[in-house]
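Results of the structural survey
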Amino acid sequence: MGLRQFVIDAWSWLNYKPVMADAGRPGSRAFPELAKTWMPPHELRRLAAYKVLASYDNNQAGQLAAAGGDAGALERRELGDAANLVDTALGYLLGSEQKVAVEGAENADEETPTPGAAEAAAVQERLRKWADKELLTFRVQQAERAAVLLGDSVMVLAWNPEKQRPTLRVYDPGFFFPQWDDAEDEDFPARVHLAWELPADDDAGLKARVRRVTYELGPISVSGEDDADGDGSMGARTYPWEPGRASNTTCYLTDGEWLLEDLKNGETLDRLPMSKASFRVRRDGTELNRLDLMIDFLPVVHIANTIPDGGEYWGRSVLARVLQALDELAATDSDSSAASATTGTPIIGLAGARLPVDRATGKPQELQVKAGAVWQLGETGRMDALDTSPQLAELRARVDHLLERIAANSRVTAAGLGTLDATEVPSGYALKLALGPLDALIGMMRLAREHKYRLLFKMVQRLYQAGRAEGWTAGETLPARLSWAPHTPTDRGAVLEEVVKAYGAGVLSLETAVAMLLEAGYPGKDASQEVARIRAKAEQEASARMAEAAARRGREDDDKEQDDGPGVAGARE
């Protein structure tokens, strides 16, 4: 089955798949849930692409191909190569740990700290406490695995008045539907939907329905106590992160459900009839229908695995460029398995053999190839075995060749996947060159996320300010980022030698020297604490030396008085 029309977009690398052949209704046979009337037509290719990638991650690509018309694909062997590639790339991306770092906090413990360093250190400490309470490392791993596998991930923040902190949740990118206006200069959408289908529950008496959570920026509507004029007009508000500047924009939250049987053709996700909606209610009894969140931003962060092309918004999976190679690898593994069966238990041809007879039926019994079997051959008897070991060796060589192509084209490299023979690496410099494509890949992936995590921590600070949490005063939010550990092993000895020489020569500060050692993998959690310990120890040693010198001078004076004798002492008096 070929393409019905030629399409080039963010998912055109999947056009060779029969389920993606129909550009208008992709995956309509394999994924019947995408045929729902509420699904936006322009989002179907993206959602179908997510499902194709998820099938590879779960060793179900053969079942997907069978659903597309390839009946023989059910026999395909899938041994987890796609999942291994995703997990390996994820491991290098995350490194050994991630930390929240606020710009300027590293200078707080210096003898002459820079202006604002103490405030930055305090904000950094509060953000790290929030990260511990919200299991940020766990949430990041959830989000990043989806981003590496599918190309996209979504994180949503919400203020929890009971916990008095922002909560962080990760959503499937297939639930995420941004709504863009016609303005070409917009960096972020003004409205986003999080939507998914809820199945029917006969026991509870619930019908199938679709749930839609909408975050939307709009003008502030003045009503009630805030309406000084009593006319319900538009108002303005001063947010704590922008003191002295009035804003007429706020974010509204709507959380509703619609019965599928009530939806008609044309009533897609962004056109659901509000008259048929059933809105959810918070614990305090507030209906979630255009609830004013008292913030001027959408608390939703979309993470793309790669830097999108100009005019694009979505990222690309780490599997994108090697998906056909993974298909070839699965097919070769299947052929190799079949060949190994005939090699271990070969096909044997007999001539002139006396076959045993089944006494019950009187028919010759079928011979079986097994250890200890004895066959009687006549005078002109002959036995020939079919040797398939050369074919098996060729198939295994092809498997190795495909793995090398996958490692090279995905840029994870054979060294990164651990398939490189250590004897083939003559030196550490050669290994560094071999890891060059992996370094570039991880650098690009981390660059694509840099701004998004800065945005996440800016939102966390502003939600704390909007919630009037203790210790969070009004004022501009400080720039914070997610600091990644090195993704490859570091030569700690070389780093130590470099730091000692540079610090001894006075070209590095103590803070920078300690930070370099911690990044290289030396034990320690916080550079500022290590610097404080080093300085405290240096002061103790200096005090001990001064006390020892004073005591030594006292002993020398006493010895001199004893040597001079009482007469001299009296003369002195």
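The preceding data block contains the structure.
The present account deals with the structure reproduced in this document.

Conventions we followed
Residues numbered from 1 in each chain as written. Predicted model: local features only at pLDDT ≥ 70, side-chain atom pairs only at ≥ 80, totals over all residues. Heavy atoms only, no water. Phe/Tyr/Trp six-rings, centres within 6.5 Å; stacked < 30°, edge-to-face > 60°. Lys NZ or Arg CZ within 6 Å of the ring centre and 35° of its normal. Patch = residues over 30% accessible without salt bridge, like charges linked within 9 Å, V, L, I, M, F, W, Y side chains within 5 Å. Areas by Shrake-Rupley, 256 points an atom, 1.4 Å probe, with all protein chains shown as cover. Salt bridge = Lys/Arg side-chain N within 4 Å of Asp/Glu carboxyl O. Helix = DSSP H or I, 4+ residues; strand = E, 2+ residues; numbered from the N terminus. Buried < 20%, exposed > 50% of the residue type's maximum accessible area, 1.4 Å probe, protein only. Pairing = 2+ DSSP bridges. Axes fitted to C-alpha atoms, helices over the stretch in contact; angles between N-to-C directions. Contact = heavy atoms within 4.5 Å. Expected span 1.5 Å × (residues − 1). Core = buried A, V, L, I, M, F, W, Y, C linked by side-chain atoms within 4.5 Å. Bend = angle between axes of the 7 residues up to and from the residue. Parallel < 35°, antiparallel > 145°, perpendicular 65-115°, else oblique. Left-handed = near helix turned anticlockwise from the far one by under 90°. Nonpolar A, V, L, I, M, F, W, Y, C, P; charged D, E, K, R; others polar.

Let us look at the packing of aromatic side chains. Following the criterion strictly, the structure yields ten aromatic pairs and no others. Taken together through their ring pairs, the aromatic side chains of F176, W180, Y313 and W314 make up a single cluster. The side chain of R46 reaches across the aromatic face of W314, ending 4.0 Å from its centre.

Turning to a nonpolar patch on the surface, a few remarks are in order. Side chains of L350, L377 and M383 sit close together on the surface and give an oily, nonpolar patch of about 240 Å² of accessible area. Structurally, L350 is set in strand 13 (residues 348–353).

Two side chains carrying opposite charge are able to pair once their charged atoms lie near each other. Throughout the structure, instances matching the rule amount to 25 salt bridges. Note that E548 and R552 form a salt bridge whose closest N and O atoms lie 3.9 Å from each other. Here E548 pairs with R552, and both are found in helix 13 (residues 527–572), just four residues apart, close to one helical turn. Here R552 falls in the partly exposed class, since its relative accessible area comes to 37%. Via salt bridges that share partners, K17, R76 and D327 belong to a single interconnected network.

What the three strands build is an open sheet, ordered 3-2-12; its pairing is antiparallel. A strand with exactly one partner marks an edge of an open sheet, and here the two such strands are strand 3 (165–171) and strand 12 (300–304). On average, each strand axis in the sheet is tilted by 25° relative to the strand beside it, whichever way the strands run. With five bridges connecting them, strand 2 (residues 152–160) and strand 12 associate as antiparallel partners. Bridge pairing in strand 12 links V154 to H302. Across the face of the sheet, helix 5 (residues 136–150) comes into contact with strand 2, strand 3 and strand 12 while running at roughly 150° to strand 2.

The subject of this paragraph is the pairing of strand 9 (residues 249–259). Burial of strand 9 is extensive: nine of the eleven residues sit out of reach of the surface. Bridge analysis of strand 6 (residues 209–219) against strand 9 gives eleven bridges, and the strand direction is antiparallel. Residue G218 lies in a different strand from strand 9, and its bridge partner there is T250. Of the pairings in the sheet, the one linking strand 9 to strand 11 (residues 291–292) comprises two bridges and is antiparallel in character. Across the sheet, the residue bridging to Y252 is D292, located in strand 11. In this structure, strand 9 lies alongside strand 10 (residues 278–279), joined through two bridges in antiparallel fashion. Residue G256 lies in a different strand from strand 10, and its bridge partner there is F279.

A rise of 1.5 Å per residue sets the reference length of helix 3 (residues 81–94), with its 14 residues, at 20 Å; its end C-alpha atoms lie 20 Å apart and thus fit the reference within 8%. Counting buried residues along helix 3, ten of its 14 residues qualify, which places the element largely inside the surrounding structure. Among the residues making up helix 3, those that are buried are A82, A83, L85, V86, T88, A89, L90, Y92, L93 and L94. Backbone geometry just after helix 3 places G95 at a positive phi near 70°.

What follows deals with the environment of V300. Counting through the fold element by element, V300 comes out in strand 12. On the basis of relative accessible area, V300 is assigned to the buried category, the value being 12%. Placed 106 residues apart in sequence, V300 and L194 show a C-alpha to C-alpha distance of 9.9 Å.

This brings us to the environment of V399. For V399, the location among the structural elements is in helix 7 (residues 389–410). Take V399: its relative accessible area is 14%, and that puts it in the buried class. Linking V399 and A330, residues 69 residues apart in sequence, is a C-alpha distance of 9.1 Å. Every residue in contact with V399, bar those within four places of it in the chain, is listed here: L329, T332 and D333.

Grouped together as the largest cluster of nonpolar side chains are 110 residues, with contacts concentrated most on W38, W130, L136, Y215, L319 and Y453. Residue contributions to this core peak at twelve residues, all from helix 10 (residues 436–466). Setting aside its immediate chain neighbours within four residues, Y215 contacts V156, A190, R191, V192, L194, C251, Y252, L253, L293, L298, P299 and V300.

The next point concerns helix 10. For helix 10, with 31 residues, the first-to-last C-alpha span of 45 Å sits near the 45 Å given by 1.5 Å per residue. Residue E450 marks the point of greatest curvature in helix 10, where the axis turns by about 35°.

Each pair of packed helices gets described by two things: the angle between the helix axes and the distance between those axes. At their nearest, the axes of helix 3 and helix 10 sit 10 Å apart, and the two run at 70° to each other. One finds that helix 3 runs roughly perpendicular with respect to helix 10. With respect to the hand of their crossing, helix 3 and helix 10 are arranged in right-handed fashion. Here A89, Y92, L93 and L94 of helix 3 come into contact with helix 10, specifically with L438, I442, M445, R446 and R449. Here the residues of the contact of helix 3 with helix 10 sort into seven nonpolar, no polar and two charged.

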